[in-house]
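Here is what each chain is made of, one letter per residue.
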Amino acid sequence: MDNNYKNEFRELSKARDRFVSEIAKNIHLYGISQSVGRLYGTVFFSEEPMTLDEMSDELGMSKTSMSTGIRMLLDAQMVERVWEKGIRKDLYKTEEDWYRSFSNVFITRWRQATEQNMIAIQETKVMLESLNKKTTNEKIGELIELDLNKLTQAEAYYNWLDDVISLFETGEIFKIVPKQPTS
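Just so it is clear, the model here is predicted, and its values are computed rather than measured.

K.L.:
What is the right way to look at helix 1 (residues 3-26) in this model?
P.N.:
Since the α-helix advances by 3.6 residues per turn, residues separated by three or four positions end up pointing in the same direction. With 24 residues, helix 1 extends 35 Å between its outermost C-alpha atoms, agreeing within 8% with the 34 Å of an ideal straight helix rising 1.5 Å per residue. Those residues of helix 1 lying buried are V20, I23 and A24. Where the residues of helix 1 are buried, they touch helix 2 (34-45) and helix 5 (98-134).

So, in structure tokens, the structure goes:
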């Protein structure tokens, strides 16, 4: 290899590393660790689908770590397993539809949180209404009414959030906020 190629390849690697570092830093928003974010970036910039062995060599981490990381990325639908004739090992490449990956993570995380919070609201309302029936203290009654009003506001928010989640589940979100065209 000539020096010009080596220098340009170093610049290319530096540019790629800039993006990978930022992805790794912010991937926690998907519930994924920085090291798995680096794995994602490595697979993203790979010219061909990668095996776990290749990932391990590239990142200097154990094959077990690569397997665990790839599983997390598969669950988030950020990578997919692919098949190539003549290759017996599993191959992975990044999911090309980032909107799908985001939607899946958003739906999964927010649906679960919303459902848990709605259950907590209902249980808290029952507790407060029970206390309200037996209290003789006017101040406690007033506090219960304030709390019930706050819970009603929270319930309205979670119903709205449920509608937002449904927009992602049905794909209707892309009619409101279209996917950006690539050139």
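Now that the structure is up, let's keep going.
K.L.:
Sorry, what's going on with the pattern of salt bridges here?
P.N.:
When the charged atoms of two side chains lie near each other, side chains of opposite charge can form a pair. This model, assessed by the stated rule, comprises 15 salt bridges. A salt bridge links D53 to K63, with the nearest nitrogen and oxygen atoms 3.5 Å apart. Placement of the pair is D53 in helix 3 (residues 52-59) and K63 in helix 4 (residues 63-75), with a sequence separation of 10 residues. For R111, the salt bridge is made with D162, and the minimal N-O distance between the two is 2.0 Å.

K.L.:
When you look at the environment of V36 in this model, what are you seeing that I'm missing?
P.N.:
Within the element layout of this structure, V36 appears in helix 2. Of the residues examined, V36 reaches a relative accessible area of 7% and is grouped as buried. Along the backbone, V36 and A76 are 40 residues apart, and their C-alpha atoms lie at a distance of 12 Å. In contact with V36, other than residues within four places in its own chain, are G69, M72 and L73.

Calculation criteria
- Residues numbered from 1 in each chain as written.
- Predicted model: local features only at pLDDT ≥ 70, side-chain atom pairs only at ≥ 80, totals over all residues.
- Heavy atoms only, no water.
- Helix = DSSP H or I, 4+ residues; strand = E, 2+ residues; numbered from the N terminus.
- Expected span 1.5 Å × (residues − 1).
- Buried < 20%, exposed > 50% of the residue type's maximum accessible area, 1.4 Å probe, protein only.
- Contact = heavy atoms within 4.5 Å.
- Salt bridge = Lys/Arg side-chain N within 4 Å of Asp/Glu carboxyl O.

No statement about biological role is implied by the geometric values presented.
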